[in-house]
Amino acid sequence: EAGGAVLGKSADKLFSLSGLFAVYKPKGPTSAGVLNLLRERLLAEAGVQTNENKRNKVLKIGHGGTLDSAAAGVLVVGIGKGTKMLRTMLAGSKKYTAIGLLGKATDTLDATGKVTEEKPYDQITKGDLENVLQKFTGDIMQVPPLYSALKKDGERLSTLMKRGEAVEAKPARPVRVYSLSLQQFQPPLFTLDVECGGGFYVRSLVSDIGKELSTCATMQELTRTKQGPFTLEEHALYEDKWTIDEIARSLEHCTSLLPGEPSHKKLKTEHPGETAVSCE
């Protein structure tokens, strides 16, 4: 631990960072894995030695809503006092682009699972698909997937499922879909753009659309393009930008996106040596 040791300038700067920013999560790692890598990277740059169990105590960071391992896109990160603002991110709106596959169902509702059912789909037209989407727009009821991060008795459903324990489906719950549109239709594949509220599962949506069309469907790919005010194109920092300076710059820029407490304005004066980034 860095107790008592005189910390260098970059460590000082790291520990003064506060607010929300966004990173790009690639396909493959878990959201927690991405966060651990980010924390490791920052502590190494600051020259702070810690053992693994204490890392989170030394540098407080958290994320504003899990993306499945197989999904990519915007992951909102809170650092310092910003970790307290993550709650509002979970509840806020998100945008996704999803690719669905007609004619196959899997146990996880996505491409990582085992195929559980196959049905013909060649009778389905683009018009059929577009008509069905109207049923899934607005305030709807949705049953969350069995393989999910939702918990039963403190354990994730996905962990229980993998252990082979019997898991009962959670009851349907109200979710909100602000907009839903078909971007492409090249059977068996279809691409959707979805904007939704908190607690929404795009995997369940794709599966439910399949059932509604009297066939089945599973999600092949998922990208989160926006979360709250953070977009993939403008705000998500890719791994090569996971440096203390880049994050400081991003925090300055991103503070202006958030519903403000005037106290944030003070950030500008703390580092007079840095020029503030103008917000597009």
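Residues numbered from 1 in each chain as written. Predicted model: local features only at pLDDT ≥ 70, side-chain atom pairs only at ≥ 80, totals over all residues. Heavy atoms only, no water.

Which entries qualify depends on this criterion: UniProt positions are given in the numbering used here, feature names are shortened, and annotations may be inferred rather than shown by experiment.
The protein chain is annotated in an unreviewed UniProt entry as Pseudouridylate synthase TRUB1 from Brachypteracias leptosomus. UniProt's Sequence similarities (unreviewed entry) comment on the protein chain is quoted here verbatim: "Belongs to the pseudouridine synthase TruB family."

Details of the pattern of salt bridges
Definition in use: Whenever Lys or Arg places a side-chain nitrogen within 4 Å of a carboxyl oxygen from Asp or Glu, that contact is recorded as a salt bridge.
With the rule as written, the count across this model stands at 10 salt bridges. In this structure, R163 and E155 form a salt bridge, with 2.9 Å as the shortest nitrogen-oxygen distance. Between E165 and R163 there is a salt bridge whose closest N-O contact spans 2.8 Å. Where salt bridges share partners, they join E155, R163 and E165 into one cluster.

Some words on the UniProt feature "domain: tRNA pseudouridylate synthase B C-terminal" (unreviewed entry) in the protein chain
Let me state the cut-off plainly: Numbering of helices and strands starts at the N terminus; helices are DSSP runs of H or I of at least 4 residues and strands are runs of E of at least 2.
Mapped onto this structure's residue numbering, the UniProt feature "domain: tRNA pseudouridylate synthase B C-terminal" (unreviewed entry) falls at residues 203-235. For residues 203-235, the helix share is 42%, the strand share is 39%, and the end-to-end C-alpha distance is 25 Å.

Let's talk about the side chain of D110
Selection criterion: With a 1.4 Å probe rolled over the protein chains alone, any residue whose accessible area is under 20% of its type maximum counts as buried; one over 50% counts as exposed, and the rest are partly exposed. Neither His nor the chain ends is counted toward charge; the positive residues are Lys and Arg and the negative residues Asp and Glu. The contact criterion used is simple: two residues touch if any of their non-hydrogen atoms lie within 4.5 Å.
Structurally, D110 can be placed in the loop between β5 (104-106) and β6 (115-118). For the buried residue D110, which engages in no salt bridge, the nearest side chain bearing the opposite charge is R203, 4.6 Å off. Ignoring anything within four residues of it in the chain, the contact list for D110 reads A70, R203, T218 and M219.

Side note on helix α7 (residues 202-212)
Buried residues dominate α7, accounting for eight of its 11 residues. Considered for burial, the residues of α7 that qualify are V202, R203, S204, L205, V206, S207, I209 and G210. Contacts made by the buried residues of α7 are with β4 (94-102), α5 (126-133), β7 (138-142), β10 (173-186), β11 (189-196) and β12 (217-227). Just beyond α7, the residue with positive phi is S214, at close to 60 degrees.

Observations concerning unusual backbone geometry
Of the consecutive residues P187 and P188, the connecting peptide bond is found in the cis state with omega at 5 degrees. The residue P188 is located in the loop between β10 and β11 in this model. Residue L109 is not a glycine yet carries a positive backbone phi of 70 degrees. Tracing the sequence through the fold places L109 in the loop between β5 and β6.

Examining the nonpolar core
Selection criterion: Buried Ala, Val, Leu, Ile, Met, Phe, Trp, Tyr and Cys residues that are joined via side-chain atoms within 4.5 Å together make up what is termed a nonpolar core.
Judged by nonpolar contacts, the single largest core of 29 residues is most densely connected at F190, L192, F200 and I209. Among the elements of the structure, β4, α5, β10, β11, α7 and β12 are those that each provide at least two residues to this core. Among the elements that make up this core, the one with the highest residue count is β10 (five residues). Membership of the second largest hydrophobic core comes to 23 residues, among which are L43, V48, L59 and A248.

Side note on the environment of N131
Position of N131 among the secondary structure elements: in helix α5. By relative accessible area, N131 is classed as exposed at 51%. Considered as a pair, N131 and L213 are 82 residues apart in the sequence and their alpha carbons are 9.9 Å apart.

Considerations on the packing of aromatic side chains
Note the following rule: Aromatic rings from Phe, Tyr and Trp, with only the six-membered ring used for Trp, were paired whenever their centres fell within 6.5 Å, and each pair was classed as stacked if the ring planes differed by under 30 degrees, edge-to-face if by over 60, and tilted otherwise.
Taken as a whole and assessed by the stated rule, the structure comprises one aromatic pair. The interplanar angle of 20 degrees and the centroid separation of 4.5 Å between the aromatic rings of Y24 and Y238 together place this pair among those described as stacked. Taken together, the positions of Y24 in strand β1 (residues 19-25) and Y238 in the loop between β14 (236-237) and α9 (244-255) put the pair 214 residues apart, joining distant regions of the chain. For Y24, a relative accessible area of 22% puts it in the partly exposed group.

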